[in-house]
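Given next are the chains, with one letter for each unit.
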Amino acid sequence: MKIGVAYLRTALAIIFCILSILSCQGDEPRKIATQPKGKGIAAEFPGDEKIEEHPDVIFSEKFEEISVANLMSNWNQKTNIATNIVFDPSVPSGSKGAQSLRLVTVDDGTNANENTFIYKKISPDITDSIFVRFYIKYDSDTKYHHSGVYVGGKNPPSSTAGLQGGVLPLGNVEFHVGTEIRGTANFSAATNSLYGFYNYWMGMHPFTTGTNAGLYYGNEFFNSTTNDNIDLATWNCIEIMIKLNSPVTASNGELRLWINGVQITHLGNNVPSGIWNETHFTEGSGIPFEGFQWRNDAALNLNYIWLKNFNDDNSADHHGNIYFDHLVIARTYIGPITQ
C-alpha cells in the first residue's frame, strides 16, 4: 500500500511539471521581475573605487582624466567646439573624485553651439540586458530640449551618433532609448521637472492629429503613481535597465527607470496598465502596456551610449550646462554610490 502511494505521488508530480511547462508556452503574459534583490554592484565599492573590476561591469567612466583629449581615447565622437566640453569641480555626494564632465551649449545663432555631446560605441554588442547608471545635474535657468543620456542599438554598429526624428525606425536597423529631462524644463527654465524616457523603436506610436500627424517622434513614458520629478540644480542618480526582446518576433522587451535608488517605472509585456495619448503613455489605470519589440533581427543589439546637451534656449548668449559623473554600464543592477 505504501509503495502504491509513493508511485501515485511521483506520477502527480510529473503531471504537475508537464502542466507547468505547457502553461508557459501559450500566450499568457510573461511575468516580469520586481526590484532586483540586494543593493547592487556599487554597494561593494564605496565611492565607486575599483568598481570597474567587478566581473559584471562592462564600462565605467568617472571623468577624472587630465584632459578632454585623454577622455576621448575611450570615446568615439564628440562635438567639434572644444570649449563646450570641459571638466568641472562639482561632484555627487559620496564621490571620491575631483571633477565631473560638463557639456555646455551657447546660444550664438549656430546649431553647433546648441548641441554638445560625447558618444561611445559599445563593443562587443550586448545581446540580452544592460544596466546603465549615471549621475546628472542640470541648470535651473535653461530651457532644455533633448538633454540626457541615450542608449540603444545600430546595425551595423556605428562610431557616429545620431537618429532621424519623424521616421519609424526599421527593426533590423536601429532603436534608441532616451533618458532625459521632460515636462516643464522643455518649455521654460525650471527648478524641478519630469525626468523620463523618450524612445524610438519599430513599435512606437505615431502622432495621429495636428501638424505632426503621421510622423514618428519620440514616445514618452510617465508614471502617475510615483514621483518622477527631479531637482535640476542638484545631482541625481539615474539608472536604467533595457532588456532586448527574445525571440525577435516577441514583444517581451523591458525597460526600467530608477531615480536616486527608487524604482520609478517598469515597462514590459502587459505590464503596467496605462493610457496612450498620441505618443505619450501614462502609467496608472487603463489597458496593459503592449511591451517592447525593440527589433525583428537578432543582428540588432545594444551597442552605444550617447551623452548629450541639446537645447534651443534663445536667451542672448545663454550658456546651458549639464554635468555628468560616475557612469557605469553593467550586466546587473548597480545602484547609487555608497560611502
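Residues numbered from 1 in each chain as written. Predicted model: local features only at pLDDT ≥ 70, side-chain atom pairs only at ≥ 80, totals over all residues. Heavy atoms only, no water.

The tally for this structure, following the rule as stated, stands at 25 aromatic pairs. Judged by centre distance (6.2 Å) and plane angle (35 degrees), the ring pair of tryptophan 201 and phenylalanine 221 falls under tilted. Of this pair, tryptophan 201 sits in the loop between strand E9 (192-200) and strand E10 (219-223) while phenylalanine 221 is found in strand E10, placing the two residues 20 residues apart along the sequence. Taken together through their ring pairs, the aromatic side chains of Phe175, Trp201, Phe221, Trp276, Phe281, Phe289, Phe292 and Trp294 make up a single cluster. The cationic tip of lysine 137 hangs over the ring face of tyrosine 323; the distance from NZ or CZ to the ring centre is 4.6 Å. Sitting above the plane of the tyrosine 150 ring, lysine 308 keeps its charged end 4.6 Å from the centroid. (Phe/Tyr/Trp six-rings, centres within 6.5 Å; stacked < 30°, edge-to-face > 60°. Helix = DSSP H or I, 4+ residues; strand = E, 2+ residues; numbered from the N terminus. Lys NZ or Arg CZ within 6 Å of the ring centre and 35° of its normal.)

Turning to empty space enclosed by the protein, a few remarks are in order. According to the stated counting rule, one finds one cavity of 30 Å³ or more in the structure shown. What the largest cavity holds in volume is close to 50 Å³. Lining the largest cavity are Tyr195, Gly196, Phe197, Phe221, Phe222, Asn223, Asp228, Leu257, Ile264, Thr265 and Glu283. Among the secondary structure elements, those contributing two or more residues to the lining of the largest cavity are E9, E10 and strand E14 (262-267). (1 Å grid on protein atoms, 1.4 Å probe; cavity = no way out; pocket = protein on both sides within 12 Å on 5 of 7 lines; lining within 4 Å. Points joined across faces, edges and corners; volume = space filled by probe spheres on them.)

Here we come to unusual backbone geometry. The linkage connecting serine 123 with the following residue, proline 124, adopts the cis geometry, with an omega of 0 degrees. You can see proline 124 is positioned in strand E5 (residues 115-126). You will see that asparagine 270, though not glycine, has its phi angle at about 65 degrees, which is positive. With respect to the element layout, asparagine 270 can be found in the loop between E14 and strand E15 (273-277). Since its relative accessible area comes to 32%, asparagine 270 is described here as partly exposed. One non-glycine residue, glutamate 278, adopts positive backbone phi at about 60 degrees. Looking at the secondary structure, you find glutamate 278 in the loop between E15 and strand E16 (280-283). (Buried < 20%, exposed > 50% of the residue type's maximum accessible area, 1.4 Å probe, protein only.)

Counting through the fold element by element, serine 129 comes out in strand E6 (residues 129-138). A distance of 3.5 Å separates the side chain of serine 129 from the side chain of aspartate 128, its partner in a polar contact. When neighbours within four sequence positions are excluded, serine 129 is seen to be in contact with Ile242, Lys243 and Leu302. (Polar contact = N/O pair within 3.5 Å; in protein donor to acceptor, adjacent residues only side chain to side chain. Contact = heavy atoms within 4.5 Å.)

Empty pockets left among the atoms are what a rolling probe the size of a water molecule brings to light. As a volume, the largest pocket reaches approximately 520 Å³. Contributing to the lining of the largest pocket are 23 residues, with His145, His146, Arg182, Tyr198 and Tyr200 lying nearest its centre. Where the lining of the largest pocket is concerned, the elements lending two or more residues are E5, E9 and strand E18 (302-310). By residue number, the principal contributor to the lining of the largest pocket is E18, which donates three residues. For the lining of the largest pocket, the residue count by class is ten nonpolar, nine polar and four charged. (Nonpolar A, V, L, I, M, F, W, Y, C, P; charged D, E, K, R; others polar.)

With that out of the way, let us pick up the confidence of the model for the chain. Averaged over all residues, the pLDDT of the chain equals 88, while 86% of them reach at least 70. Considering only residues more than four positions removed or in separate chains, one finds that residues 5-34, a stretch of pLDDT under 50, has 14 contacts. (pLDDT = per-residue confidence, 0-100.)

Bringing the pattern of salt bridges into the picture now. Following the criterion strictly, the structure yields seven salt bridges and no others. A salt bridge links arginine 133 to aspartate 48; its shortest N-O distance comes to 2.8 Å. On the criterion of sequence distance, the pair formed by arginine 133 in strand E6 and aspartate 48 in the loop between helix H1 (2-23) and strand E1 (57-61) is long-range, its members being 85 residues apart. Take arginine 133 and aspartate 48: they sit in the same class, and that class is buried. Close ionic contact of arginine 102 with aspartate 88 constitutes a salt bridge, the shortest N to O distance being 3.1 Å. With a gap of 14 residues between them, arginine 102 in strand E4 (residues 100-106) and aspartate 88 in strand E3 (residues 85-88) connect regions that are remote in the sequence. Aspartate 88 gets classed as buried once you look at its relative accessible area, which sits at 14%. Taken together, the shared-partner salt bridges in this structure form one network comprising Glu180, Arg182 and Glu220. (Salt bridge = Lys/Arg side-chain N within 4 Å of Asp/Glu carboxyl O.)

Taken together, the two bridges between strand E2 (residues 77-78) and E5 define a ladder with antiparallel strand orientation. When the sheet's bridge partners are listed, glutamine 77 is paired in E5 with tyrosine 119. Strand direction decides the pairing type here: E5 and E18, joined by eight bridges, are antiparallel. Its bridge partner being in E18, asparagine 115 is matched across the sheet by phenylalanine 310. (Pairing = 2+ DSSP bridges.)

What follows concerns the side chain of asparagine 84. Tracing the backbone through its elements, the reader meets asparagine 84 in the loop between E2 and E3. When its relative accessible area of 5% is taken as the criterion, asparagine 84 is described as buried. There is a polar contact of 2.6 Å between the side chain of asparagine 84 and the side chain of asparagine 113. Those residues within four positions of asparagine 84 in sequence are excluded, and the remaining contacts are Arg102, Leu103, Val104, Val106, Asn113 and Thr116.

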